[in-house]
Amino acid sequence: MHEPALRAAAFGSDPLPDPAVLRGGGSGTGKERLLAAVVLGAQGRYAAAATLLDGLRREKDPVLASLAASTLGAHRRQLGGHRQARAFDGEAFAKVVSETTEPDPDGLDAAGARADALLGLAADNLALGRQRAARRLAARAAEQHAGWRACVRGGWVGAEIELAAGQGAAAVPHAERAFETAVARGARRHAVKSGIVLAVALGAAGGPDHRKISDGLVGNAMATAEECELLSLLWPAALVMADLRPGHAEEYRFRVAEVLHAVLRSADPCGRRIAGESPWVPAPGG
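Conventions used here
- The written sequence of each chain sets the order in which its residues are numbered from 1.
- Restriction of local features to residues with pLDDT of at least 70 applies here, the model being predicted, together with a cutoff of 80 or more for giving and counting side-chain atom pairs; totals for whole chains, interfaces and linings are based on all residues.
- Working from all heavy atoms in the structure, the side-chain values ignore hydrogens and water.
- Here a strand is any run of E in DSSP of at least two residues, a helix any run of H or I of at least four, and the numbering for each starts at the N terminus.
- An expected span of 1.5 Å times one less than the residue number is assigned to each helix.
- Categorising residues by exposure relies on relative accessible area from a 1.4 Å probe, with only protein chains included: less than 20% of the type maximum marks a residue as buried, more than 50% marks it as exposed, and the intermediate range marks it as partly exposed.
- Two N or O atoms count as a polar contact when they lie within 3.5 Å, although within protein this holds only if one can serve as hydrogen donor and the other as acceptor, and sequence-adjacent residues are included solely when both atoms are side-chain atoms.
- For helices, the fitted line uses only the C-alpha atoms of the stretch in contact; every axis is such a line through C-alpha atoms, and the angle between N-to-C directions lies from 0 to 180 degrees.
- Note on convention: near helix rotated counterclockwise from far helix by under a right angle means a left-handed crossing. Clockwise means right-handed.
- Here, residues are in contact when the closest pair of their heavy atoms is within 4.5 Å.
- Amino acids outside the nonpolar list (Ala, Val, Leu, Ile, Met, Phe, Trp, Tyr, Cys, Pro) and the charged list (Asp, Glu, Lys, Arg) are all regarded as polar, and Gly is one of them.
- Salt bridges are defined as contacts in which a side-chain nitrogen from Lys or Arg sits within 4 Å of a carboxyl oxygen from Asp or Glu.
- When the centres of two rings from Phe, Tyr and Trp lie within 6.5 Å, Trp using its six-membered ring, the rings pair. Their planes under 30 degrees apart give stacked, over 60 give edge-to-face, and anything left gives tilted.

Looking at an unreviewed UniProt entry, one finds the protein chain named Tetratricopeptide repeat-containing protein, with Amycolatopsis pretoriensis as its source organism.

Right under this line is the structure:
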């Protein structure tokens with residue numbers, strides 16, 4: 001059974017599992033395949049992840065099928081495809097709207113699946129300019145009481161909503177909650193993204209020493225992303241660092257282009273098209 005190692009990679013302290021574990025998970029139980037897809041997506045290997053997730057979306061288990069759909073939605077969103085992600089997130093919510101299951105420590109249960117879908121929908125609507133809808137969906141997600149992972153993701157979305165509204169100071173508590181929860185849980189991948197979100201929120205709030213604190217947060221995020229091959233987070237971290245260190249901006253933008261080139265080579269045709277059309281994703285050539 002590869003599930004413990006895959007959980008540690010997807011949600012815990014070891015985001016870079018042994019390749020044999022990842023290969024074994026890809027041909028294992030439904031939950032192992034889901035976890036393997038989460039890890040593959042974090043590494044920017046979107047085509048391999050999509051192959052697993054497309055199969056899982058057809059599973060008879062509605063929770064597993066829902067989690068697969070929302071994970072695929074998250075991967076599309078990471079490439080700037082918010083409209084495509086919204087379809088997957090809607091599908092994910094419809095599958096579990098009235099399901100009940102025993103709690104899972106990482107939210108791989110009915111409440112966690114609903115929270116994932118609702119938070120995905122909130123992020124999708126926010127990117128499409130529907131701030132009020134995003135707030136309503138984020139509030140519905142919080143009502144699920146789905147555990148640590150939903151708390152972290154809810155913090156990300158809550159911060160993004162306030163940033164979009166021009167309320168930098170209001171974004172900081174959401175980002176701090178996400179960061180503190182991820183660190184306390186020992187979830188390194190989630191701590192990386194939470195550090196980036198917190199740095200952006202602190203910058204928008206403009207508090208004392210915010211640039212120094214943000215620089216440290218993003219520097220640590222970049223180092224962990226490099227070490228653990230989290231390419232899906234490495235290029236956003238480098239993009240933020242280019243703003244924080246303008247004297248080295250070209251160096252960081254070159255790294256963004258390098259990483260995006262590698263990510264898009266590992267994406268499926270739909271993912272590459274989405275990224276090419278997205279105003280959110282820099283052109284990988286510079």
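Undergrad: What exactly am I supposed to notice about helix α7 (residues 110–127) here?
TA: Residues three or four positions apart in an α-helix share a direction because the helix packs 3.6 residues into each turn. With 18 residues, α7 ought to run about 26 Å at 1.5 Å a step, and its terminal C-alpha atoms sit 26 Å apart, in line with that. For α7, the tally of buried residues reaches 16 of 18 residues, placing the bulk of the element in the interior. Taking the backbone nitrogen of Ala111 as reference, a side-chain oxygen 3.4 Å away marks Asp109 as the first, capping residue of α7. Once α7 ends, the next one or two residues include Gly129, with phi positive near 85°.

Undergrad: Mind showing me how you'd approach the packing of helix α1 (residues 3–11) against helix α3 (residues 30–42) here?
TA: A pair of packed helices can be characterised by two numbers: the angle between their axes and the separation between those axes. Put simply, α1 and α3 touch, their axes get as near as 9 Å, and they point 30° apart. α1 and α3 meet at a crossing whose hand is left-handed. Across the interface between the two elements, Glu3, Leu6, Arg7, Ala9, Ala10 and Phe11 of α1 pack against Lys31, Glu32, Leu35, Ala36, Val38 and Val39 of α3. Residues belonging to the contact of α1 with α3 are distributed by class as follows: eight nonpolar, no polar and four charged.

Undergrad: I keep staring at unusual backbone geometry and nothing clicks. Help me out?
TA: Note: most peptide bonds trans; most residues except glycine with negative phi. Of note, the phi angle at His145 is positive, near 50°, even though the residue is not glycine. Note on placement: His145 falls in the loop between α8 (131–142) and α9 (148–164). Located in the positive-phi region is Glu229, a residue other than glycine, with phi close to 60°. With respect to the secondary-structure elements, Glu229 resides in the loop between α12 (210–228) and α13 (231–244).

Undergrad: I keep staring at the pattern of salt bridges and nothing clicks. Help me out?
TA: Two side chains that carry opposite charge are able to pair once their charged atoms sit near each other. For the structure on display, the rule yields 20 salt bridges. In this structure, the salt-bridge partner of Glu250 is Arg253, at a minimum N-O distance of 3.5 Å. Taken together, the residues Glu250 and Arg253, both in helix α14 (residues 249–265) and three residues apart, mark about one turn of the helix. A relative accessible area of 59% means that Glu250 is categorised as exposed. Linked through salt bridges whose partners overlap, the residues forming this network are Glu3, Arg7, Lys31, Asp104, Asp106 and Arg185.

Undergrad: Looking at this structure, I do not really get the packing of aromatic side chains. What am I missing?
TA: To describe a pair of aromatic rings, one takes the distance between the centres and the angle between the planes. Using the criterion set out here, one finds one aromatic pair in the structure. Ring geometry for Phe11 and Trp148: centres 6.4 Å apart, planes at 80°, overall edge-to-face. With Phe11 in helix α1 and Trp148 in helix α9, this residue pair connects regions lying 137 residues apart in the sequence. In this pair, the class of Phe11 matches that of Trp148, namely buried.

Undergrad: Help me understand the environment of Lys193, please; the structure alone is not making it clear to me.
TA: In this fold, Lys193 is placed in helix α11 (residues 188–205). Along the sequence, Lys193 and Asp61 sit 132 residues apart, while their C-alpha atoms lie 30 Å from each other. Apart from residues no more than four positions distant in its own chain, Lys193 is found in contact with Trp156, Glu160 and Leu233.

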